[in-house]
Amino acid sequence: MDFTYTETQDMIRDTLARFLGDTYDFETRQKFINSDSGRDPAIWTALAQELGMLGAPFAEEHGGLGGGALENAIVMEELGKVIGIEPYLPTVVIAGGALKAVGGAQADAFIPEIIAGNAIIAFAYAEPQGRYDLANLRTTAKKDGAGYVLNGHKGVVYAAPWATHLLVTARTGGNQRDRDGVSLFLIDANLPGIVRRDYPTVDGNRASEIYFENVAIPADALLGGEGAGLPLIEQVVDEATVAVCAEATGVMQKLHEGTLEYTQQRKQFGVPIAKFQVLQHRMVDMFMEVEQARSMTIMGTLKLGLPANERMAAVSAAKAKVARGANFVGQNAIQTHGGIGITQELAIGHYFKRSTMIESQFGSADHHMDRYERIALAD
Amino acid sequence: MDMEFSPEDLAFQQEVRDFIAENYPAELRGKQDEGEELSKEDFLVWHKILHKKGWIAPAWPVEYGGTGWTPTQRFIWSEETARADCIRLMPFGLAMVGPVIYTFGTPEQKAHFLPRILSGEDWWCQGYSEPGSGSDLASLRTAAVPDGDDYIVNGQKTWTTLAQHADWGFFLVRTDKDAKQQEGISFLLIDMKSPGITVRPIITLGGEHEVNEVWLEDVRVPQSQRVYEENKGWTCAKFLLAHERTGIAGVAASKRGIEKVKAIARTELDGDKPLLANAFFKRKVADLEVDLAALEFTELRSLAGPNANRGPGPESSLLKIKGSEIQQRLTELTLEAVGHYGAPYFRGFGEGDNEHPIGPDYAHRAAPTYFNTRKTTIYGGSNEIQRNIIAKMVLGL
Ligand SMILES: Cc1cc2nc3c(=O)[nH]c(=O)nc-3n(C[C@H](O)[C@H](O)[C@H](O)COP(=O)(O)OP(=O)(O)OC[C@H]3O[C@@H](n4cnc5c(N)ncnc54)[C@H](O)[C@@H]3O)c2cc1C
Ligand SMILES: Cc1cc2nc3c(=O)[nH]c(=O)nc-3n(C[C@H](O)[C@H](O)[C@H](O)COP(=O)(O)OP(=O)(O)OC[C@H]3O[C@@H](n4cnc5c(N)ncnc54)[C@H](O)[C@@H]3O)c2cc1C
């Protein structure tokens, strides 16, 4: 047993932290998230080309750094610390994860493009009626000659306005909630018939409603087996879920540190408010949540390779714990700041917004407790 | 002891329902439902209708324009207005400075200001908090120095709610630097159009312009606009804070809020069933209902119990704490209910496109409202301060 990071992992963290420290201070972030495009593309390019960071989880033969889920977690935690909006999660963790899993020509073609920073891939999986159920799909891909025709509506697709490609879940068979009949496609984002409505999200990202209106897609867009995509999708979403837990850990750490710092400066009744025991205990509770979030992220990450049921129970345990911790830490960071906490001016409120959205990303605490119970407590 | 409405109460209830049905402005309907931000005009339309009817200030003594309703009638009134989802009335004139003026003001102040509060002619704001004086309000430093018949006021206030609309503000200012903190404060009414006042917006987490900084630079204020004695302003301030805290319980509004959450959870799907059928979600709604009932009956005991005539005391802190926590849980549950559609930021939506909607309407403000409602445990004396008050004043610690 060994819970230390390798030298390469430490290097990834330090390099990224230094880069983000130089390029991603709060004011700069606010400037580009409020710009028309909502991002600064130079940062993505630098992450790829100067830092080689987009290759963190990929094999060396594809040009990557030879890492995996732990490396993704390191990157996500650092992005969390600056409330980064870079589309690392959908592009590298999710699409990259799916490509790694299927391998072959598709992986050979796409992974180098991801590593080079040329491809941004958004994950179009959620549907208005589906909540957090990955199989609850109305979007259909019907066989048509050699390819497919895609129809349906995907909601709140993060990073879609910037995407060169979309990773889409759709039904090639079965009924709306069947496990069978689900397929995964990687398609060009600008195919005829793709209608997008773009908007900002409350946590500073950009997202879209995507409507597929008779979109013709080629046969080689299919990742994995036709109609048998759900296990792959579940695995990739589990990888994404622990990556989001890692991001949450970074966000929560900053919420906690910001609160500690503020309460030592802010004086009321002639003393720094950090002197009030009720606030001290609260900050201790916040600290314990941050530590446990980190522990559960590592636990979930290390168990990603186990058989599906064990993996799912572990990931759900991690996400439920982190979601509740994020809720507690976020709310109490604001409360402990008093009025200043609810303004747009301070970074703390923006961390709170991101931590809030993380709570339900890939399933709320309830959703994951439910999945945990179904697996771990099954008689 | 009983909790039945008398036949007179039931008749009154019907009268209120009819009145609201006939008079509540159509253009306001639904605005509260969708959680839209309301304009100054929106608030004033309903205010003026109630003023015309004579129902604008049920809590005031009849001699100053109150309705003379019994506590039960006032309870019915707040239930019915919340049930019909009427927009809330701004508290700064009606619930705050009005009672201070009729309790502590001069005959001239009463004659001038009270009718204008009732009619809605003057919009008021509350100038208490300062950047360095939040929870420790008594440490405030904005200073008023006598100059002939006037004061010259200098300082900075902050978090001043809707000061951008205000005609008048009631301010706590220091008039004696050497006295013990609480004993050197006076209560001034200041015309917001006075030269030397600058109001600057503070934008809150949901993107709202709801609070402001108010800068006062050599602002000349006639001493006749001081309420009560010089250096006795703390008495007015404390009186008013207790009033502010009862209003904050918001039982009727939270009842309505629970109905809204249920309506959403009946529409949202969880698998092939409505979300409200999900056992976890349903239990949270039930928990809220139980806690709200506890709050309601605690409030009723204080309104209609043996101490009802004594006015709000330190136990109103309990109503503030529990009421604000319930309000926050409601917004949290709403955000949870809307799932993915909590994320889109409504201010960023382009022109409407009915063919390609961005989630259901009820989701559009779920997240901003959740963020914004973090304020309820901070303002009006934070919940930590309220607990300190209960510890000291009720438990005697
Ligand atoms: C089952 C059991 C086994 C034990 N075994 C041992 C043992 O083997 N050896 C041994 O030496 N002792 C033992 N203890 C004693 C134990 O260490 C004491 O009970 C403990 O230190 C608390 O002291 P107290 O009971 O006097 O409570 P107090 O110190 O009087 O505390 C009462 C309450 O006040 C709180 N409190 C006190 N100070 C503060 C503060 N500064 N801030 C906030 N809250 C405060 C406490 O948390 C507690 O809730 C045992 C106790 C128990 C219950
Ligand atoms: C949306 C909004 C609207 C407002 N509207 C108005 C208005 O119209 N007019 C007006 O005058 N003011 C208004 N306020 C100000 C409000 O009253 C203050 O925010 C509040 O009193 C808290 O002060 P603070 O923000 O300076 O926080 P601080 O006093 O700095 O408190 C920071 C944290 O420390 C805690 N704390 C402080 N002292 C203690 C203690 N002794 N023990 C334990 N914990 C403590 C607090 O509870 C809080 O969690 C508004 C505030 C908000 C957020």
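In this numbering scheme, every chain counts its residues from 1 along its sequence in written order. Here chains are named by letter from A upward and ligands by number from 1 upward, in the order in which they appear as written. Only residues with pLDDT of 70 or above have their local features reported here, since the model is predicted, and side-chain atom pairs are shown and tallied only from 80 upward, although totals for entire chains, interfaces and linings are computed over all residues. Remark: hydrogens and water are excluded; side-chain values derive from all non-hydrogen atoms of the structure.

(A) Highlighting the overall build of chain A. Working definition: helices are DSSP H or I runs of at least four residues, strands are E runs of at least two. Numbering for both runs from the N terminus. Along chain A, the regular secondary structure elements total 11 helices and 10 strands. Each radius of gyration reported is based on C-alpha atoms, and the globular scaling rule is 2.2 Å times the count of residues to the power 0.38. Whereas a compact globule of 379 residues would reach a radius of gyration of roughly 21 Å, chain A reaches 21 Å, a difference of no more than 12%. Dimensions of chain A, computed from the C-alpha atoms along their principal axes, are close to 80 × 55 × 40 Å. For every residue, the accessible area obtained with a 1.4 Å probe (protein chains only) is divided by the maximum for its type, and the residue is called buried under 20%, exposed over 50%, and partly exposed between those limits. Split into buried and exposed, the 379 residues of chain A put 60% on the buried side. Contacts spanning at least 24 positions in sequence make up 72% of the contacts within chain A whose residues lie at least 6 apart. The method behind every accessible area is Shrake-Rupley, applied with a 1.4 Å probe, and residues are considered shielded solely by the protein chains displayed. Accessible area of chain A: about 14500 Å², with a carbon and sulfur share of 52%. Positive charges come from Lys and Arg alone, negative charges from Asp and Glu alone, with His and the N- and C-terminal ends not counted. The atoms used to mark charge sites are NZ of Lys, CZ of Arg, CG of Asp and CD of Glu. For chain A, the separation between the mean place of its 33 positive charges and that of its 46 negative charges on side chains is 6 Å. Whether two residues are in contact is decided by their heavy atoms: any pair within 4.5 Å suffices.

(B) Structural context of the layout of surface pockets. Only protein atoms enter the calculation, which uses a 1 Å grid: trapped sets of points that fit a 1.4 Å probe without letting it out are cavities, open sets showing protein on both sides within 12 Å along at least five of seven lines are pockets, and any residue with an atom within 4 Å of a point is a lining residue. Grid points are joined across faces, edges and corners, and a volume is the space filled by probe spheres set on the points. Its boundaries defined by the atoms lining it, the second largest pocket holds a volume of some 880 Å³. Along the walls of the second largest pocket sit 37 residues, with Tyr132(A), Asp133(A), His367(A), Asp370(A) and Arg374(A) positioned nearest its centre. Breaking the lining of the second largest pocket down by element, the ones donating at least two residues are α7 (230-265), α9 (308-337) and α11 (365-376) of chain A together with β10 (273-274) and α8 (279-304) of chain B. If you tally residues by element for the lining of the second largest pocket, the top one is α11(A), at seven residues. Throughout, the ten residues Ala, Val, Leu, Ile, Met, Phe, Trp, Tyr, Cys and Pro are labelled nonpolar, Asp, Glu, Lys and Arg are labelled charged, and all others, Gly among them, are labelled polar. Residue composition of the lining of the second largest pocket, by class: 14 nonpolar, nine polar and 14 charged.

(C) Highlighting the side chain of Gln13(B). Residues and elements named next belong to chain B. Tracing the chain through its elements places Gln-13 in helix α1 (residues 7-23). By relative accessible area, which is 15% here, Gln-13 ends up buried. Sequence-distant contacts of Gln-13, that is, excluding residues within four places in its chain, are made with Phe-5, Ile-76 and Glu-80.

(D) Inspection of the environment of Trp44(A) at higher detail. Residues and elements named next belong to chain A. Position of Trp-44 relative to the elements: it lies in helix α3 (residues 41-49). Of the residues examined, Trp-44 reaches a relative accessible area of 2% and is grouped as buried. With sequence-adjacent residues up to four places away left out, Trp-44 is seen in contact with Arg-39, Leu-54, Glu-86, Pro-87, Tyr-88, Thr-91, Gly-117, Ala-119 and Ile-120.

(E) Local environment of the domain arrangement of chain B. You can read the domains of chain B as domain 1 (7-89), domain 2 (124-231) and domain 3 (248-394). In this structure, domain 1 of chain B and domain 2 of chain B have C-alpha centres spaced 31 Å apart. In this document the domain limits rely on a domain assignment from an automatic tool or a database.

(F) A look at the environment of Arg116(B). Residues and elements named next belong to chain B. Considering the arrangement of structural elements, one finds Arg-116 in helix α5 (residues 107-119). Along the primary structure Arg-116 and Glu-210 are separated by 94 residues, whereas in three dimensions their C-alpha atoms are 23 Å apart. When sequence neighbours within four positions are dropped, the list of residues in contact with Arg-116 reads Glu-121 and Asp-122. Of the polar contacts made by the side chain of Arg-116, one reaches the side chain of Asp-122; its length is 2.8 Å. Here a polar contact is recorded for every N or O atom pair within 3.5 Å, except that within protein the pair must consist of a potential hydrogen donor and a potential acceptor, and residues adjacent in sequence are included only if both atoms are side-chain atoms.

(G) Spatial organisation of the nonpolar core. Grouping buried Ala, Val, Leu, Ile, Met, Phe, Trp, Tyr and Cys residues that are joined through side-chain atoms within 4.5 Å yields what is termed a nonpolar core. By size, the foremost hydrophobic cluster in this structure holds 146 residues, and its most contacted members are Tyr88(A), Leu166(A) and Ile187(A). Here this core takes 14 residues from α7(A), the largest share from any one element. Setting aside residues up to four positions removed in sequence, Leu166(A) forms contacts with Ile121(A), Ala122(A), Phe185(A), Leu186(A), Ile187(A), Ala189(A), Ile194(A), Ile210(A) and Phe212(A). By size, the runner-up hydrophobic cluster in this structure holds 68 residues, among which are Trp123(B), Val153(B), Ala163(B) and Trp168(B).

(H) Looking closely at the pairing of strand β1 (residues 121-124) of chain A. Residues and elements named next belong to chain A. Side chains Ile-121 and Phe-123 project from β1 onto one buried face, and the interleaved Ala-122 and Ala-124 project onto a second face that is buried too. Where β1 lies against strand β4 (residues 165-171), four bridges are found, and the strand directions are parallel. Following the sheet pairing, Ala-122 is matched in β4 by Leu-166. DSSP bridges decide pairing: two strands pair if at least two such bridges lie between them.

(I) Seen up close, the site of ligand 2. One heavy atom within 4 Å of a molecule or strand makes the whole residue count as near it. Looking at ligand 2, there are 32 residues lining it, with Arg266(A), Gln335(A), Ser135(B), Thr161(B) and Ser382(B) nearest. Near ligand 2, residues from chains A and B are present, making the site a shared one. In the environment of ligand 2, an oxygen atom lies 2.6 Å from a nitrogen or oxygen atom belonging to the side chain of Ser135(B). One of the side-chain nitrogen or oxygen atoms of Glu384(B) is found 2.7 Å away from an oxygen atom of ligand 2. When contributions to the shell around ligand 2 are tallied by element, the ones reaching two or more residues are α8 (277-302) and α9 of chain A together with β7 (209-222) and α11 (383-394) of chain B. The class makeup of the residues in the shell around ligand 2 is 13 nonpolar, 15 polar and four charged.

(J) Examining unusual backbone geometry more closely. Although it is not a glycine, Val156(A) adopts a positive phi angle of roughly 50 degrees. By the element assignment, Val156(A) lies in strand β3 (residues 147-158).

(K) Structural detail: helix α2 (residues 40-53) of chain B. Residue and element names in this part refer to chain B. Multiplying 1.5 Å by the residue count of a helix minus one yields the expected span of that helix. Counted at 1.5 Å a residue, the expected span for α2 with its 14 residues is 20 Å, and the 20 Å between its end C-alpha atoms agrees. Among all positions in α2, only Asp-42, Phe-43, Leu-44, Trp-46, His-47 and Leu-50 are buried. Taken together, the buried residues of α2 touch α1, α3 (71-83), α4 (91-104) and α5. Where α2 ends, the next residue or the one after it, Gly-54, has phi of about 85 degrees, a positive value.

(L) Here's a closer look at the interface of chain B and chain A. Of the residues lining the interface, 54 residues belong to chain B; the matching set on chain A comes to 49 residues. Ranking the residues of chain B by area buried against chain A places Leu205(B), His340(B) and His356(B) at the top, with a combined share of 17%. Note on definitions: salt bridges are taken to be side-chain nitrogens of Lys or Arg within 4 Å of carboxyl oxygens of Asp or Glu. The interface formed by chain B and chain A includes four salt bridges. One salt bridge in this structure joins Arg131(A) and Glu268(B), with 3.4 Å as the shortest N-O distance. For the interface between chain B and chain A, the tally reads 26 residue pairs in polar contact (both at pLDDT 80 or more). Where the side of chain B that touches chain A is concerned, the elements lending two or more residues are β6 (197-203), β9 (269-270), α8, α9 (316-338), α10 (366-372) and α11 of chain B. Looking at the side of chain B that touches chain A residue by residue, the class counts come to 24 nonpolar, 17 polar and 13 charged. Accessible-area loss on putting two parts together, using a 1.4 Å probe and summing over both, is the definition of buried area adopted here.

(M) Layout of the packing of aromatic side chains. Working definition: a ring pair exists when centres of Phe, Tyr or Trp rings (six-membered ring for Trp) sit within 6.5 Å. Plane angles under 30 degrees give stacked, over 60 give edge-to-face, the rest tilted. A full pass over the atoms with the stated rule returns 29 aromatic pairs over all chains. Here the aromatic rings of Tyr24(A) and Phe32(A) are separated by 5.3 Å at their centres, their planes lie at 90 degrees, and the arrangement is edge-to-face. Across this residue pair, the class does not change: Tyr24(A) and Phe32(A) are buried. The interplanar angle of 70 degrees and the centroid separation of 5.8 Å between the aromatic rings of Phe43(B) and Trp123(B) together place this pair among those described as edge-to-face. Within this pair, whereas Phe43(B) is found in helix α2, its partner Trp123(B) is found in the loop between α5 and β1 (124-127), the two being separated by 80 residues in sequence. Ring pairing ties together the aromatic residues Phe12(B), Phe19(B), Tyr24(B), Trp46(B), Trp55(B), Trp69(B) and Trp77(B), which thus form one cluster. Geometrically, a lysine NZ or arginine CZ counts as sitting over a ring once it is within 6 Å of the ring centre and also within 35 degrees of the ring normal. Directly above the ring of Tyr5(A) sits Arg13(A), whose terminal nitrogen or CZ lies 4.5 Å from the centroid. A cation sits over an aromatic face here: Lys53(B) above Trp55(B), 4.8 Å from the ring centre.

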